[in-house]
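The primary structure of each chain is shown beneath.
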Amino acid sequence: MPRSPAKPGPHFPFITGALVVLSLVAFFIWQFGFGVDESVADAGFPPRDWASQAPHRSEHFALSTFMHGGIFHVLANMTVLWVVGSRLERLLGPIKFAVIYILAAYIGLVAHIVLNARSALPMVGAGGAISGIVGAWVMLHRRLGLDSLAPTRLPSALAVVPVWTVAFLWLGIQALSHAISTAHYGGLPAYAELIAGLGAGAASTCVIKPARRVRSGMPATGLEPL
């Protein structure tokens, strides 16, 4: 049976919190006011614009990561980002966390563009970036169960389920989100973004690791929930 994670020092996950708040504000105030479909069409990121180096739309990559294609899409993304991201940020610190988030977002974007370079369908959401956060958490806790996310709140039968199942749960949530929202149209390329981000986050932990003082005495860099 996996050992229960240990407590880290106190640290509020400001980066994660800011990303969640900005995304919720962008969706419920701007997108709802302007119209979800209209806002996606106007400020989403079409892969063909990057491939053609269109100057008037390339900056929309950053903007599009705070946009979503529907209520389920934004709530699902922000729930996973807060549950996993807040714990990862406490473990790594805000700078290392931000590096993984941005790196996974960019690599996910590149994967999407490579497979769908001519598409005019706009891409929105932080799927690639959040995938990177999930991948990093899973990699750092690969020897633990789901108790690495909620060590005192899960039934014992669930606590011992391998933590890597979180990655499959995340991909399943995204598949459902794609089916009922306007986000990430494009079939395989949309999932390539998620899988590439997941791999980028996992691979980044070969270099980006918790500080020694945080790792000391902690089984597989485990953390107790906030």
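Treat the numbers as computed from the prediction; the structure is a model and nothing was measured.

## Quick notes on the overall build of the protein chain
Move 1: A tally of regular secondary structure across the protein chain gives eleven helices and zero strands.
Move 2: Of all 226 residues assigned to the protein chain, the portion counted as buried reaches 54%.
Move 3: Here the analysis covers contacts within the protein chain between residues at least 6 apart in sequence; of these, 81% occur between residues at least 24 apart.
Move 4: Surface accessibility of the protein chain: about 10400 Å² in total, with carbon and sulfur atoms responsible for 69%.

## Regarding helix H6 (residues 94-115)
Move 1: Over its 22 residues, H6 extends 32 Å from the first C-alpha to the last, a length consistent with the 32 Å expected when each residue adds 1.5 Å.
Move 2: Within the span of H6, buried status applies to Phe-97, Ile-100, Tyr-101, Ala-104, Ala-105, Gly-108, Leu-109, Ala-111, His-112 and Ile-113.

## Observations regarding a nonpolar patch on the surface
Move 1: On the surface, a nonpolar cluster with roughly 630 Å² of combined accessible area is contributed by Val-21, Val-25, Phe-28, Ile-29, Phe-32, Ile-71 and Leu-75.
Move 2: Counting only elements with at least two residues in the nonpolar patch, the list comes to helix H1 (14-34) and helix H5 (71-92).
Move 3: Here the element with the most residues in the nonpolar patch is H1; it accounts for five residues.
Move 4: Along the chain, Phe-28 turns up in helix H1.
Move 5: The exposure class assigned to Phe-28 is partly exposed, which follows from its relative accessible area of 36%.

## Describing the nonpolar core
Move 1: In this structure, Leu-88, Ile-130 and Val-134 are the most contacted members of the largest nonpolar core, which totals 40 residues.
Move 2: Elements that contribute at least two residues to this core include exactly H1, H5, H6, helix H7 (127-140), helix H9 (165-180) and helix H10 (188-204).
Move 3: Sort the elements by how many residues they give to this core and H5 lands first, with nine residues.
Move 4: Aside from chain neighbours lying at most four places away, what touches Leu-88 is Gly-93, Phe-97, Ile-133, Ala-136, Trp-137 and Leu-140.

## Some remarks on the side chain of Ser-131
Move 1: Structurally, Ser-131 is set in helix H7.
Move 2: Assessed through its relative accessible area of 0%, Ser-131 is described here as buried.
Move 3: Not counting the four nearest positions on each side in its chain, Ser-131 is found in contact with Trp-170, Leu-194, Gly-197 and Leu-198.

## Things to note about the side chain of Arg-87
Move 1: Here Arg-87 is to be found in helix H5.
Move 2: Looking at Arg-87, its side chain comes within polar contact range of the main-chain oxygen of Val-83, at 2.8 Å.

## Quick word on the confidence of the model for the protein chain
Move 1: This prediction gives the protein chain a mean pLDDT of 76; 72% of its residues lie at or above 70.
Move 2: Per-element confidence in the protein chain ranges from a low mean pLDDT of 55 for helix H11 (residues 212-215) to a high of 92 for H7.
Move 3: pLDDT under 50 marks residues 1-9. Its contacts with residues more than four places away, or in other chains, come to 29 contacts.
Move 4: pLDDT under 50 marks residues 216-226. Its contacts with residues more than four places away, or in other chains, come to 48 contacts.

Rules and cut-offs
- Residues numbered from 1 in each chain as written.
- Predicted model: local features only at pLDDT ≥ 70, side-chain atom pairs only at ≥ 80, totals over all residues.
- Heavy atoms only, no water.
- Helix = DSSP H or I, 4+ residues; strand = E, 2+ residues; numbered from the N terminus.
- Buried < 20%, exposed > 50% of the residue type's maximum accessible area, 1.4 Å probe, protein only.
- Contact = heavy atoms within 4.5 Å.
- Areas by Shrake-Rupley, 256 points an atom, 1.4 Å probe, with all protein chains shown as cover.
- Expected span 1.5 Å × (residues − 1).
- Patch = residues over 30% accessible without salt bridge, like charges linked within 9 Å, V, L, I, M, F, W, Y side chains within 5 Å.
- Salt bridge = Lys/Arg side-chain N within 4 Å of Asp/Glu carboxyl O.
- Core = buried A, V, L, I, M, F, W, Y, C linked by side-chain atoms within 4.5 Å.
- Polar contact = N/O pair within 3.5 Å; in protein donor to acceptor, adjacent residues only side chain to side chain.
- pLDDT = per-residue confidence, 0-100.

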